[in-house]
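Observations on chain architecture
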Amino acid sequence: MKLNMVFHLSADACTLDVPAQGAKGIPAKMTKTSEGITIDIPAIRGSFKGKHDGSSIQGEFSQHGMSFPLTLTQGEAEIKRPQTPVAPFPYTSEEVSFSNGAAVLNGTLTLPEDYSEKTPVLVMVTGSGPQDRNSTILAHQPFLIIADAFARQGIATLRYDDRGVGRSTGDLKNATTLDFKNDALAAVTLLRKRFKKVGVLGHSEGGTIALMISGEKKADFAISLAGAVVSGKEILVEQNRKMLLASGIAEKEVDEYCKALDCGFSLLAEGKELSSIPEQTISNAALKANFTKAMQASSTPYLRYFLKLAGCDFLKGIKCPVLALNGTKDFQVDAKQNLGALRNALSSKKSKIIEKEGLNHLFQHANTGMASEYGTIEETIAPEVLTDMIQWIKTL
């Protein structure tokens, strides 16, 4: 994946911006050398060392033991995101807060003109990893765009910063999908004080959470955008298989690695210790080293819970209408694998399952679907996905 890095250099100061990650003003220290400059960025454990080459500085950026080529040139870094809404807006927004235990979640309630208690409203739940209320990734803000599109069509939304992110508090390090589900339930409870029809919209892990809440009969309707339905173990093994094959690794080596992952993930899901995972047959040296790192990274409360979480735990309780969408070029949550598992579980005649041709995990029109494209694609979310959701909500 390529990222633009912007260094602001002066005689007595240096800071770093990474626009695609929303990072600005990271303190750094520049030292001039006979050939160029070195820059240390302690906050991210990174550094840059480069040589002057006419109008640019050619060098390497290093972080966490890895190095990447980096060329600095003068100018302004521009990231085009044409769908991002710009004021003025024909609707209003309110800042709200709600609690789940010790976690205090803060968010934005977007209200269409002339809204009432009969206006449909959705809680918006982000995918895995710490995310803000706009689900910001690589300068894309899909939840902001969805909230804007919905409000213009008479649909209200509540989006909020994940626990431990932005203006929200709470333990993020030890939280599991269950905690995030209960955070979203607290938002549903808040909205029920003002609205009669409350739904949940989630992306990726958030889509799974929308289905979990529906299975508990706490939502009046739900939208799952690339939500996982098969077990977390199956999701992660399939992710690795597709990405490794797409990167050109031999199928035999990929099969060995994925078989090892399946074994290791199964033991971790059962609560076993890392020491109980047997030696695996992995002929590719790089994949063998990566397997050890993958097992260590997966031995956390969050991933142990996710690995064993599966649709059979919540699908049978779903009675409300559900709209489920997945892209055919989704490398993270396979469309056929998950929509197929969901298809026979939905009982409401108003439920709808749509496989979107050519869209990736973020629902962008994509060439390969690989994550490396996310930031280079200007489109944040395919307009037809917005239309699908709005039209479906209006049929309820």
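About the cut-offs
Residues numbered from 1 in each chain as written. Predicted model: local features only at pLDDT ≥ 70, side-chain atom pairs only at ≥ 80, totals over all residues. Heavy atoms only, no water. Helix = DSSP H or I, 4+ residues; strand = E, 2+ residues; numbered from the N terminus. Buried < 20%, exposed > 50% of the residue type's maximum accessible area, 1.4 Å probe, protein only. Contact = heavy atoms within 4.5 Å. Areas by Shrake-Rupley, 256 points an atom, 1.4 Å probe, with all protein chains shown as cover. Lys, Arg positive; Asp, Glu negative; His and termini not counted. Charge placed at Lys NZ, Arg CZ, Asp CG, Glu CD. Pairing = 2+ DSSP bridges. Axes fitted to C-alpha atoms, helices over the stretch in contact; angles between N-to-C directions. Parallel < 35°, antiparallel > 145°, perpendicular 65-115°, else oblique. Nonpolar A, V, L, I, M, F, W, Y, C, P; charged D, E, K, R; others polar. Phe/Tyr/Trp six-rings, centres within 6.5 Å; stacked < 30°, edge-to-face > 60°. Lys NZ or Arg CZ within 6 Å of the ring centre and 35° of its normal. Salt bridge = Lys/Arg side-chain N within 4 Å of Asp/Glu carboxyl O. Right-handed = clockwise from strand over helix to strand, strands pointing away.

**A look at the overall build of the protein chain**
When helices and strands are counted, the protein chain shows nine helices and 16 strands. Each principal axis of the C-alpha atoms in the protein chain carries an extent, and together these give about 70 × 55 × 40 Å. When the 396 residues of the protein chain are sorted by exposure, 51% land in the buried category. Within the protein chain, counting contacts between residues at least 6 apart in sequence, those at least 24 apart form 63% of the total. Carbon and sulfur atoms provide 51% of the accessible area of the protein chain, an area that totals close to 19100 Å². Taking the 44 positively charged and 43 negatively charged side chains of the protein chain as two groups, their mean positions are separated by 5 Å.

**Describing the sheet that holds strand 9 (residues 91-100)**
The strand order 9-10-12-11-13-14-15-16 describes an open sheet built from eight strands, whose pairing is mixed. Each of the sheet's edge strands pairs with one partner strand only, and the pair in question is strand 9 and strand 16 (352-356). Across this sheet, the average inter-strand angle for adjacent strands is 20 degrees, counted without regard to direction. Bridging between strand 15 (residues 322-327) and strand 16 involves five bridges; their strand directions are parallel. The partner of L323 across the bridge, within strand 16, is K352.

**Digging into the packing of helix 5 (residues 251-269) against helix 7 (residues 301-308)**
Their axes nearest at 8 Å, the elements helix 5 and helix 7 cross at an angle of 105 degrees. Overall, the two elements helix 5 and helix 7 adopt an arrangement that is roughly perpendicular. Facing helix 5, whose interface residues are F265, L268 and A269, helix 7 presents R304, L307 and K308. Residue classes in the contact of helix 5 with helix 7 are distributed as four nonpolar, no polar and two charged.

**Some words on the packing of aromatic side chains**
Under the counting rule described, the total for this entry stands at seven aromatic pairs. Residues F98 and Y160 carry aromatic rings whose centres are separated by 5.3 Å and whose planes lie at 85 degrees to one another, so their mutual orientation is edge-to-face. Here the residue F98 occupies a position in strand 9, and Y160 occupies one in strand 12 (residues 156-160), the gap between them amounting to 62 residues. Among the aromatic residues, those joined into a cluster by ring pairs are F180, Y302 and F306. Here the guanidinium or amino end of K242 rests over the ring plane of F331, the centre of that ring lying 5.2 Å away.

**Here's the deal with the sheet that holds strand 3 (residues 23-27)**
As summarised here, the arrangement of the three strands in space is 1-2-3, forming an open sheet in which the pairing is antiparallel. Bordering the open sheet on either side are strand 1 (6-9) and strand 3, each of which pairs with just one other strand. Adjacent strand axes in the sheet meet at a mean angle of 25 degrees when their direction is disregarded.

**Comments concerning the pattern of salt bridges**
A full pass over the atoms with the stated rule returns 18 salt bridges. Between D148 and R152 there is a salt bridge, with the nearest N and O atoms lying 2.9 Å from each other. D148 sits in the buried class, given a relative accessible area of 10%. Note on R152: relative accessible area 44%, which makes it partly exposed. Put simply, E95, R133, D161 and R167 are held in one network by salt bridges that share partners.

**A word on the pairing of strand 14 (residues 221-225)**
A large share of strand 14 lies buried, amounting to five of its five residues. Because side chains alternate across strand 14, one face comprises the buried residues F221, I223 and L225, and the other comprises A222 and S224, equally buried. For the segment spanning strand 13 (residues 198-203), helix 3 (residues 205-215) and strand 14, crossover handedness is right-handed. Across four bridges, the pairing between strand 14 and strand 15 is parallel. Bridge pairing links S224 to A324 in strand 15.

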